[in-house]
Amino acid sequence: MYTEKKGLQLGLVGWVRNTYHGTVEGQVQGPATMVEDMKVWLSKEGSPTSRITRASFADQRTIDTLELSGFKTRF
């Protein structure tokens, strides 16, 4: 919920979900500077009840047009 709110606040599109392993995964798209801001937030702050021990970002690429719309929490 907090990650969704932060993504929308930054003007990003994408999705996020908790895994059964106690981690979070997702996909984020938007302006590079806003994506970087989101990565910093995810790495250092996150939701109020989160305990961040490590953040890993993979499969990063530049796209010409957004492939997603909105920012949603998946269950």
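Per an unreviewed UniProt entry, the chain is named Acylphosphatase-like domain-containing protein, and its organism is Cyclopterus lumpus.

The next subject is the overall build of the chain. If you tally the helices and strands in the chain, you get 2 helices and 3 strands. The order of helices and strands in the chain, counted from the N terminus, is α-β-β-α-β. Compactness check: the chain gives a C-alpha radius of gyration of 12 Å against a globular reference of 11 Å for 75 residues, within 12% of the reference. On the principal axes, the C-alpha backbone points of the chain span a range of 35 × 25 × 20 Å.

With that settled, consider unusual backbone geometry. One non-glycine residue, Asp59, lies in positive phi territory at about 55°. The residue Asp59 is located in the loop between helix H2 (32-44) and strand S3 (71-73) in this model. For Asp59, a relative accessible area of 75% translates into the label exposed.

Reading the values: the criteria
- Residues numbered from 1 in each chain as written.
- Predicted model: local features only at pLDDT ≥ 70, side-chain atom pairs only at ≥ 80, totals over all residues.
- Heavy atoms only, no water.
- Helix = DSSP H or I, 4+ residues; strand = E, 2+ residues; numbered from the N terminus.
- Rg over C-alpha atoms; globule rule 2.2 N^0.38 Å.
- Buried < 20%, exposed > 50% of the residue type's maximum accessible area, 1.4 Å probe, protein only.

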